[in-house]
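Report on the structure
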Amino acid sequence: MNRPSTPATTASRNPSLPASGDPLEMDLPERPLPALLLSLSFHVVLFNGRGIFWARTPSGTGSEVDRPAGIAMVHRMPDRDRYVDSAKVNESAASENSAAKSGDVASAAAAPADLSPPIDLAGILSEISDTPSPISGTGVAGETTLDGDAFDSKRPPGSEGDSSDTTTMVFGVSGSGSRFVYVFDRSDSMNGNGGMPLRAAKRELIKSLNSLTDRQRFQIIFYNDQPEPFKTVGMPVQLMTGEKATLARASRYVDSITAFGSTEHDSALKLALRMDPDVIFFLTDARIPRLSSSELAEIRRRAQRSGTTIHAIEFGAEPVSPPDSFLRELAAQNLGQYQYVDVRSLGSRMEP
């Protein structure tokens, strides 16, 4: 006969159960600490990796690359448009400015191979700048009525009535005295119209020289961006006597002159005034650059001190002279005459 099991019997059969009637308590297995740290580290690495991946992913199409931007300059031509990178233009301009400062820039047209050696202008121009300017006299244009060869009333003592005085002409402008300086432009623009301006100027200059005698003195200054006076080897720049042999050498010098380079009027005129002439014949076809008001005033002061008359002859390609020509003002301020010459008519005026 079967007997019911007793608690003791059940406990003896299952040692894991408590022997009394206490609540059942079960011991769960504990997860080791290293496993938790490993899992946490794995998830941190995973999230960081995805964040870096998203941050580096490029936006947009992903096929465009960065390209430098610039500004282009367009030159309108009759048959096409030409585009130039402004950065290259600026670099070129900077390079030219640097070369100009170092004295390496060439003239607008190359100098001829047979050009005579340059004179020592450093000392001459230094003397020009060191010469004090007089402060007397107004020299305002229009104050004096021009009648023939008007001269400043303050001429050097003893010059009035001098028997060595004579009158000579350049393109219809007459000048009287015994000391003459011819200041003629030889810049590249004088090559225009087939070189007619330079040829006509040289021919007119030689005609004026041949009217002088050994009782007069003269000097010739051709200029472009710097003046080049006529001189004899071993002699300083000065007025020359009008002897036949000297005039012959002067004529050969004039014949040898060629036109090239740019234009700078001021230093040539001041060099001429340094010689205290009675008359300066100033000839140019260059309206640009103009003589500034301060340059005109300085020239006027120097001319008043030496009693010099400055006549101005302007070459141009228009039927009439420009109303705002600085050459007209230069002549008026220095008691001289102004003459305009249309270069297109020079061929008919020259003798065969």
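Structural notes, computed from the coordinates. (Residues numbered from 1 in each chain as written. Predicted model: local features only at pLDDT ≥ 70, side-chain atom pairs only at ≥ 80, totals over all residues. Heavy atoms only, no water.)

Some details on the overall build of the protein chain
Within the protein chain one finds 10 helices and 11 strands. The proportion of buried residues among the 352 residues of the protein chain is 37%. Sequence separation of 24 or more characterises 76% of the internal contacts of the protein chain that already satisfy a separation of 6 or more. Summed over all atoms, the accessible surface of the protein chain reaches about 21,800 Å², with 55% contributed by carbon and sulfur. (Helix = DSSP H or I, 4+ residues; strand = E, 2+ residues; numbered from the N terminus. Buried < 20%, exposed > 50% of the residue type's maximum accessible area, 1.4 Å probe, protein only. Contact = heavy atoms within 4.5 Å. Areas by Shrake-Rupley, 256 points an atom, 1.4 Å probe, with all protein chains shown as cover.)

Focus: the nonpolar core
Ranked by size, the top nonpolar core spans 34 residues in total, and within it Tyr182, Leu209, Phe218, Ile220 and Phe315 carry the most contacts. Sorting the residues of this core by element identifies strand E5 (179-185), helix H5 (196-209), strand E6 (217-223), helix H6 (244-256), strand E9 (279-284) and strand E10 (309-316) as the ones contributing at least two each. Residue contacts for Leu209: discarding those within four places in its chain leaves Tyr182, Phe218, Ile220, Leu247, Ala250 and Val254. Leu269, Ala272, Leu330 and Tyr338 belong to the second largest nonpolar core, which has 25 residues in total. (Core = buried A, V, L, I, M, F, W, Y, C linked by side-chain atoms within 4.5 Å.)

Things to note about the side chain of Gln216
Within the fold, Gln216 resides in the loop between H5 and E6. What makes Gln216 buried here is its relative accessible area of 3%. A distance of 2.6 Å separates a polar atom in the side chain of Gln216 from the backbone oxygen of Ser164. For Gln216, the side chain forms a polar contact with the main-chain nitrogen of Thr213, separated by 2.7 Å. If sequence neighbours within four positions are ignored, Gln216 has contacts with Ser164, Asp165, Thr166, Gly177, Ser178, Phe180, Met240, Thr241 and Gly242. (Polar contact = N/O pair within 3.5 Å; in protein donor to acceptor, adjacent residues only side chain to side chain.)

A look at helix H8 (residues 293-306)
With 14 residues, H8 extends 20 Å between its outermost C-alpha atoms, agreeing within 8% with the 20 Å of an ideal straight helix rising 1.5 Å per residue. By the burial criterion, the buried members of H8 are Leu296, Ala297, Glu298, Ile299, Arg300, Arg302, Ala303, Gln304 and Ser306. One or two steps after H8, the chain reaches Gly307, where phi turns positive at roughly 65°. (Expected span 1.5 Å × (residues − 1).)

Here we look at the packing of aromatic side chains
The description of an aromatic ring pair uses the distance of the two centres, along with the angle that the planes make with each other. With the rule as written, the count across this model stands at eight aromatic pairs. With a centroid separation of 6.2 Å and an interplanar angle of 80°, the aromatic rings of Phe184 and Phe222 are classed as edge-to-face. Highlighted residues: Phe184 in strand E5 and Phe222 in strand E6, separated in sequence by 38 residues. Each member of the pair, Phe184 as well as Phe222, is classed as buried. Look at Phe218 and Phe230: their rings are 6.4 Å apart centre to centre, the planes differ by 10°, and that puts the pair in the stacked class. (Phe/Tyr/Trp six-rings, centres within 6.5 Å; stacked < 30°, edge-to-face > 60°.)

Points about the packing of H8 against helix H9 (residues 326-333)
Between H8 and H9, the shortest axis-to-axis distance is 10 Å and the interhelical angle comes to 25°. In this view, H8 runs roughly parallel relative to H9, as classed from their interaxial angle. Viewed along their axes, H8 and H9 form a crossing whose handedness is right-handed. Residue-level inspection shows Leu296, Ile299 and Arg300 of H8 in contact with H9, the latter providing Glu329, Leu330 and Gln333. Looking at the contact of H8 with H9 residue by residue, the class counts come to three nonpolar, one polar and two charged. (Axes fitted to C-alpha atoms, helices over the stretch in contact; angles between N-to-C directions. Parallel < 35°, antiparallel > 145°, perpendicular 65-115°, else oblique. Left-handed = near helix turned anticlockwise from the far one by under 90°. Nonpolar A, V, L, I, M, F, W, Y, C, P; charged D, E, K, R; others polar.)

Overview of unusual backbone geometry
Following Ile288, the chain continues to Pro289 via a peptide bond in cis, the omega torsion being 5°. Structurally, Pro289 is set in the loop between E9 and H8. Residue Phe171 is not a glycine yet carries a positive backbone phi of 50°. Tracing the chain through its elements places Phe171 in the loop between strand E3 (166-170) and strand E4 (173-177). Of note in the backbone geometry, Asp276 takes a positive phi value of approximately 50° without being a glycine. As for its position among the elements, Asp276 is in the loop between helix H7 (265-273) and E9. Of the residues examined, Asp276 reaches a relative accessible area of 34% and is grouped as partly exposed.

Focus on the pairing of E9
Counting buried residues in E9 gives six out of six residues, a clear majority hidden from the surface. Every second residue of E9 is oriented toward a common face, with Val279, Phe281 and Leu283 on one face and Ile280, Phe282 and Thr284 on the other, all of them buried. Across five bridges, the pairing between E5 and E9 is parallel. Within E9, the position partnered with Phe180 by the bridge is Val279. As paired elements, E9 and E10 share six bridges and run parallel to each other. Bridge assignment links Phe281 to a residue of E10, and that residue is His311. A crossover connection joins E9 to the parallel E10 through H8; in handedness this β-α-β unit is right-handed. (Pairing = 2+ DSSP bridges. Right-handed = clockwise from strand over helix to strand, strands pointing away.)

What to know about the pattern of salt bridges
If you walk through the whole model with that rule in mind, you get eight salt bridges. With a closest N to O distance of 4.0 Å, Glu204 and Lys207 form a salt bridge. A residue pair is termed a helical-turn pair when its members lie 3 or 4 positions apart in one helix, as Glu204 and Lys207 do in helix H5 at three residues. With a relative accessible area of 16%, Glu204 lands in the buried category. Residue classification places Lys207 among the partly exposed residues on the basis of a relative accessible area of 47%. Residue Glu298 is joined to Arg301 by a salt bridge in which the shortest nitrogen-to-oxygen separation is 2.7 Å. (Salt bridge = Lys/Arg side-chain N within 4 Å of Asp/Glu carboxyl O.)

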